[in-house]
Amino acid sequence: MIPYGRQSVSEQDIAQVVEVLRSDFLTQGPVVSAFEQAVAQYCGSGHAVAVNSGTSALHIACLALGLGEGDWLWTSPISFVASSNCALYCGAQVDFVDIDVATGNMDIDLLAEKLEKAASEGRLPKIIVPVHFAGQPCDMDRLDQLRQRWGFRVIEDACHASGAAFQNTPVGRGQYSDVTVFSFHPVKITTSGEGGMAICNDASLATKMRQLASHGITRDSSLFQSRDQGAWFYEQQHLGFNYRMSDIHAALGLSQWARVDEFVANRNRLACIYDQAFANSPVCPLVQRAGRKNSYHLYVIKLRETCSQSRKAVFEKLRLAGIGVNVHYIPIHMQPYYQRLGFETMHFLNAESFYQQAITLPLYATLSDDQQQQVIEQVLKIVCPA
Ligand SMILES: *Cc1c(COP(=O)(O)O)cnc(C)c1O
C-alpha cells in the first residue's frame, strides 16, 4: 500500500538522535532551545516554545491569551478535532465558520457576516483559529482587517503549513496573528516523532506559554512573586501541564527542520505533476489562490459533479488497488461529541459538501515518480471508465 503520507528520516537524523542518547541530557537540555531558535529564525519571529504536540501548543496558546469560561473560539469545521478541542479544554465555547469549497479554508466573507451578527448579539469571539488547510495559507490580509475592526485574537493552526508563506512572508512570522502553531507528527511536513511548537513575537506571551508547558512553574528569579529563597527556589504561578518536548525528540525535529525547504519543494513538484495529470478529468485539485506558497501537507482532489461514481466507490477501489487514500476531514461538528454539544448536521453546508467530494492522495517528500504514476493511473482508470 502506498500511504497518503509518511516521514522521510535520513541517516543524519538518526545520528543526531543517537548523539543525544549518549549525552548528559535526554530532556531539558540544549537541543530543545536550539530547535526553538532554528524555527523562530526561519519564520523571522521573536519566540518559539517547543512542546510535545501541536495539540498542546494550541492549548497553551489559548490559555496564554486568556481564553476561559464564557469566551468563544471560532475555527474551521474542515480540520482535525484538535483545532476546536483546545477551546473546550479551557472551558470556553466553540463555534465554526463555514469554508470556501474551492480551497477548504475558512471563508472570510462568511466570517465577516458572522462577526457582524455576533457583535449585534454581544457574542464576539475572543479567539479565531484559521487553519491553513492542506498547506495553503488562509487569506490573512482580510482576516487581519477583521481582527483590527473587532479586536479578536488570532492563533494560526499551521500544523499543515511548516515552510508555507503568505505574500512572501513565512507562515509563523506573526504579522497577522498572536500565535502560530506547528505540529511535528510524522505525517506533517517535518517530524520530531511527536511534537509541536507555538511561535509568537510577544515576549510575555512566550514566557506564559513556556510556564504553562511546564506545570506553571518558573525558575526565573526576575519573575518571582515572592522573595527568592536560594538556588533551589522555583514558583508555581499558574496551573500548568507537563507538555515539554524531550531533547531526543528535539534532535530529530532540529535535524528535519534543516530540510523543510527541500521537503516543501519536493511536495510542490509532485503536486504540480498531479495537477497536470488531472486537468480535464472528472476529478479536480483544490484551487490555489494568488500570493501563497503552499507547503502541500496534503494533496486533496474533489470529484466533479460529472464523475459517475460516488466518493465511497472511488475510495474503496483505490484502496483495493493499493493506493492508501484518506479523507480530510470529517467535519468536526459532525462528530458525535460535538453533536452532543448541540451542533447539528446540515449546519455548515459547504464543509459537508466538501467532505462528500474529497479524497486525499498519497503525497510526501520521498514518494517516487513510479509510485506517483501508479496513483495517477489508478485514479484515472477508476474515474474515467472506458
Ligand atoms: C496534526 C494537526 C493538529 C494536531 O497536531 P498533533 O501534533 O498531532 O497534536 C492540529 N491541527 C491540525 C490542522 C492538524 O493537522
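The model shown is predicted, which means the values in this text are computed figures rather than measured ones. (Residues numbered from 1 in each chain as written. Predicted model: local features only at pLDDT ≥ 70, side-chain atom pairs only at ≥ 80, totals over all residues. Heavy atoms only, no water.)

(A) Geometry of the overall build of the protein. Along the backbone of the protein there are 13 helices and 15 strands. The C-alpha extent of the protein, read off along each of the three principal axes, is 80 × 60 × 40 Å. Relative to its full complement of 386 residues, the protein shows a buried share of 54%. If you take every contact in the protein between residues at least 6 apart in sequence, the share linking residues at least 24 apart comes to 72%. With an accessible surface of roughly 16700 Å², the protein has 50% of that area assigned to carbon and sulfur atoms. (Helix = DSSP H or I, 4+ residues; strand = E, 2+ residues; numbered from the N terminus. Buried < 20%, exposed > 50% of the residue type's maximum accessible area, 1.4 Å probe, protein only. Contact = heavy atoms within 4.5 Å. Areas by Shrake-Rupley, 256 points an atom, 1.4 Å probe, with all protein chains shown as cover.)

(B) Up close: helix 5 (residues 108-120). Here helix 5 is 13 residues long and its end C-alpha atoms lie 18 Å apart, about the 18 Å a rise of 1.5 Å per residue gives. Among all positions of helix 5, only Ile 108, Leu 111, Leu 115 and Ala 118 are buried. For helix 5, the angular spread of the buried residues around the axis is 75°, confining them to a single face. Facing away from the buried side of helix 5 by more than 90 degrees, the exposed set consists of Glu 113, Lys 117 and Ser 120. Looking at the buried side of helix 5, the elements it contacts are strand 2 (72-75), strand 4 (127-129) and helix 6 (140-150). (Expected span 1.5 Å × (residues − 1). Arc of directions from axis to C-beta.)

(C) Fine view of the sheet that holds strand 6 (residues 165-166). Overall, antiparallel pairing links the three strands, which are arranged 7-6-13 in an open sheet. Each end of this open sheet is capped by a strand with a single partner; those strands are strand 7 (169-170) and strand 13 (292-293). Bridge count for strand 6 against strand 13 is two bridges, and the pairing is antiparallel. Its bridge partner lying in strand 13, Phe 166 is registered against Arg 292. (Pairing = 2+ DSSP bridges.)

(D) Spatial organisation of the site of the ligand. Taken together, 15 residues sit near the ligand, with Gly 54, Thr 55, Asp 157, Ser 183 and Lys 188 positioned nearest. Within the side chain of Ser 183, one N or O atom sits 2.7 Å away from an oxygen atom of the ligand. Summarising the interface, the protein chains cover 93% of the accessible area of the ligand, which totals 380 Å² for the free molecule. Of all the secondary-structure elements, those providing two or more residues to the shell around the ligand are helix 3 (54-64) and helix 4 (82-89). Partitioning the shell around the ligand into residue classes produces five nonpolar, eight polar and two charged. (Near = heavy atom within 4 Å. Polar contact = N/O pair within 3.5 Å; in protein donor to acceptor, adjacent residues only side chain to side chain. Nonpolar A, V, L, I, M, F, W, Y, C, P; charged D, E, K, R; others polar.)

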